[in-house]
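# A closer look at the structure
The chain contents come next:
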Amino acid sequence: MAFSRFFALSLLQIFLLVSLCWAVDPTVTYEFEVSYITASPLGEPQQVIAVNGKFPGPVINVTTNNNVIVNVRNKLDENLLMHWSGIQQRRSSWQDGVLGTNCPIPSKWNWTYNFQVKDQIGSFFYFPPLNMQRASGGYGSFIINNRDIIPVPFDTPNGDIILLIGDWYKRNHTALRKTLDAGKDLGMPDGVLINGKGPYQYNTTLVPDGIDYETIEVNPGKTYRLRVHNVGTSTSLNFRIQGHNLLLAESEGSYTVQQNYTSLDIHVGQSYSFLVTMDQNASTDYYIVASARFVNESQWKRVTGVAILHYTNSKGKAKGPLPDPPNDEFDKTFSMNQARSIRWNVSASGARPNPQGSFRYGSINVTDVYVLKNKPPVMISGKRKATLSGISFVNPSTPIRLADQHKVKGVYKLDFPKTPITGPPKMETSVINGTYRGFMEIILQNNETKMQSYHLSGYAVFVVGMDYGDWTENSRGTYNKWDGVARSTVQVYPGAWTAILASLDNVGVWNLRSENLDSWYLGQETYIRVVNPEENNKTEFPPPYNVLYCGALGKLQKPQDISLNALPRGNVPRLFFTLMMMICALVPVFS
């Protein structure tokens, strides 16, 4: 009798689960095992970070509003986090994967990320953000597709092509850390990789034998969407394809006004989508090139990434010199004008059916203004550090958001200055106090001689202006208040400024950082803390079931919790949840 009741109750639960699966957004699940492997991207064996034995890692390919579960097992010999760059983590900074919000995953442990790609589309990437680890790999592409009911502002391409480009050192991330800790610069990288591979031997003097290179095969007459990400350490790259135009279509989740470029500068941490039509005669293969920008070009010639675009009817190998880069080594005006030409497509739908331009950012009153200035590294207490507005950020042992949740005092100071400090630089855990539903203007002032790019988690920011010299109040007269592109990573030229606007409608603690790994490692970051004063749970999810504890809260961590997957909020039996996930995964197959 008891068994009959149990069986009937189980059938009822299954019926309810299936009904629930029809009602909620689909769930996509990934298993990530992060480990070291040996690879030879520049012809010499070295240790790299792989995901599931692959370098680069697998593609995460989902659709708007999908629920994404990624179980990450750490097989490195050091702490690990995984950051989903550009994924906004609406109402859930707990899943962002940076030290301000998450305790790291210790070696030989695993942790499950569980988040929704809410109201987003576009091209992004993931990577390990701790301790220069991205300089050794661990990265991969993250694609969010439109739902079928939402129109895309271009014809469906014949295929998607992913290109992960970036500068590369033969030294691994631990050796690079030691160089920085010793107060030295990293120096010139050893090469530029395309999809984890070295350059095609276009020049026998510059490129030695035995280097594996990337080949992209295409069909003549077809149009492809190329998703290009700069996942490197600190070098801006000019991207171009011999004999082909690049029709820009999207940048980090925003459809752009479609314009043709013969080449485009892609700065560290940035992502773009191009539509490329294979309209050449295929007398030979064609070069795909990613070359360093704003450096001594003659000295950096060997630091060039070269892949091959191969038509299926190609009659021979690529030959001749590489296509020329922009001729402005000592004058960056061309590059800045090119950046200014990238505009938001305000007539296109984004992830939702309303036009992108329905959000009139230019008519919203600014509530807070922050001028963030970076300078060359300085010595603070005997250590070489990088600063923002005179402050070098110190990561707390207890994550900021976790400290808030448990009312742990003294973890951070909510006193990041609105203008650069005038006294000596200092090392502090100083955080920006963001106003919930405020509209923040951030001016990024680069007083260094090298290019910088900055990323803000949790949001897409409007890039409204950039120019050379020091920003002043009068600079606002040059702002683009109508169709400045919305993106998550922006470049700041040497001796110049970039202005961005952020609508602070996403509760949480959000990382604002230099994307150049050396500057980031040396302290060039802070966080924006956005809290709903009404403490309304509808504006932020509570901590996940499997939250990790560390620092002042380390005593709360139970070792057995580490092997558990992320569960729904509330006390749900694990077997029940596992059954729900299995059924939800099968429903689309039979529908």
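An unreviewed UniProt entry lists the protein under the name Monocopper oxidase-like protein SKU5, from Erythroxylum novogranatense. UniProt annotates the protein under Sequence similarities (unreviewed entry) with the comment "Belongs to the multicopper oxidase family." UniProt lists a comment for the protein under the heading Subcellular location (unreviewed entry), and it reads "Cell membrane".

This next bit is on the overall build of the protein. Each helix and strand counted, the protein has 6 helices and 33 strands in total. Relative to the compact-globule value of 25 Å for 591 residues, the protein shows a C-alpha radius of gyration of 24 Å, a close match. A principal-axis box enclosing the C-alpha atoms of the protein has dimensions of 80 × 65 × 50 Å. Considering the protein as a whole, with its 591 residues, one finds that 57% of them fall into the buried category. Sequence separation of at least 24 residues holds for 77% of the intrachain contacts in the protein that already meet a minimum separation of 6. The centroid of the 54 positive side-chain charges in the protein is displaced by 5 Å from the centroid of its 47 negative side-chain charges.

Another aspect to go through is the sheet that holds strand E25 (residues 432-435). Each strand in a sheet pairs with another by means of backbone hydrogen bonds, the pair being arranged parallel or else antiparallel. Pairing within the open sheet is mixed, and its 5 strands lie in the order E25-E33-E32-E27-E30. The open sheet is flanked by E25 and strand E30 (489-492), the only strands paired with a single partner. Averaged over all adjacent pairs, the angle separating strand axes in this sheet is 25°, with direction ignored. Relative to E30, strand E27 (residues 452-456) runs antiparallel, the two sharing 4 bridges. Counterpart to Gln-452 in the pairing with E30 is Val-492.

One covalent bond between the sulfur atoms of two cysteine residues makes up a disulfide. For the structure on display, the rule yields 1 disulfide. Note that Cys-103 is cross-linked by a disulfide to Cys-550, the S-S spacing being 2.1 Å. Residues Cys-103 and Cys-550 are joined through a disulfide that is left-handed, its torsion about the S-S bond being -85°. Of this pair, Cys-103 sits in the loop between strand E5 (83-85) and strand E6 (110-116) while Cys-550 sits in the loop between strand E33 (525-531) and helix H6 (574-590), and the two are 447 residues apart along the sequence. In terms of burial, Cys-103 and Cys-550 fall into one category: buried.

Turning our attention to the nonpolar core. By size, the foremost hydrophobic cluster in this structure holds 67 residues, and its most contacted members are Leu-163, Leu-226, Phe-239, Phe-274 and Leu-309. Of all the elements, strand E18 (residues 286-292) adds the most residues to this core, at 4 residues. Listed in part, the 33 residues of the second largest apolar core include Val-70, Leu-76, Phe-115 and Leu-553.

Right, let's get into the pattern of salt bridges. In this structure the tally under the stated criterion is 26 salt bridges. One salt bridge in this structure joins Glu-473 and Arg-476, with 2.4 Å as the shortest N-O distance. Linked by salt bridges that have partners in common, Arg-401, Asp-404, Arg-529 and Glu-540 make up one network.

Moving on: the UniProt feature "domain: Plastocyanin-like" (unreviewed entry) in the protein. Sequence positions flagged by UniProt for "domain: Plastocyanin-like" (unreviewed entry) are, in local numbering, residues 34-147, 160-313 and 398-534. With 0% helix and 40% strand, the stretch residues 34-147 has end C-alpha atoms that lie 31 Å from each other. In residues 160-313, the share of helix is 6% and the share of strand is 45%. The end C-alpha atoms are 20 Å apart.

Relative to the helices and strands, Thr-489 is located in strand E30. For Thr-489, the side chain forms a polar contact with the side chain of His-455, separated by 3.0 Å. In contact with Thr-489, other than residues within four places in its own chain, are Glu-252, Val-268, Gly-269, Gln-270, Ser-453, Tyr-454, His-455 and Glu-515.

Tallied over the full model, the rule gives 5 cavities of 30 Å³ or more. What the largest cavity holds in volume is close to 70 Å³. Contributing to the lining of the largest cavity are Trp-94, Thr-101, Asn-102, Cys-103, Trp-111, Leu-402, Pro-544, Val-547 and Leu-548. Classifying every residue of the lining of the largest cavity by side-chain character gives 7 nonpolar, 2 polar and no charged. One number sums up the size of the second largest cavity: a volume of about 60 Å³. Lining the second largest cavity we find Arg-134, Ala-135, Tyr-139, Leu-164, Ile-165, Gly-166, Asp-167, Trp-168, Leu-193, Val-231, Gly-232 and Thr-233. Residue contributions to the lining of the second largest cavity peak at 5 residues, all from strand E9 (residues 160-168).

Thresholds, definitions, all that
Residues numbered from 1 in each chain as written. Predicted model: local features only at pLDDT ≥ 70, side-chain atom pairs only at ≥ 80, totals over all residues. Heavy atoms only, no water. UniProt positions renumbered as here; feature names shortened; annotations may be inferred. Helix = DSSP H or I, 4+ residues; strand = E, 2+ residues; numbered from the N terminus. Rg over C-alpha atoms; globule rule 2.2 N^0.38 Å. Buried < 20%, exposed > 50% of the residue type's maximum accessible area, 1.4 Å probe, protein only. Contact = heavy atoms within 4.5 Å. Lys, Arg positive; Asp, Glu negative; His and termini not counted. Charge placed at Lys NZ, Arg CZ, Asp CG, Glu CD. Pairing = 2+ DSSP bridges. Axes fitted to C-alpha atoms, helices over the stretch in contact; angles between N-to-C directions. Disulfide = S-S within 2.5 Å. Core = buried A, V, L, I, M, F, W, Y, C linked by side-chain atoms within 4.5 Å. Salt bridge = Lys/Arg side-chain N within 4 Å of Asp/Glu carboxyl O. Polar contact = N/O pair within 3.5 Å; in protein donor to acceptor, adjacent residues only side chain to side chain. 1 Å grid on protein atoms, 1.4 Å probe; cavity = no way out; pocket = protein on both sides within 12 Å on 5 of 7 lines; lining within 4 Å. Points joined across faces, edges and corners; volume = space filled by probe spheres on them. Nonpolar A, V, L, I, M, F, W, Y, C, P; charged D, E, K, R; others polar.

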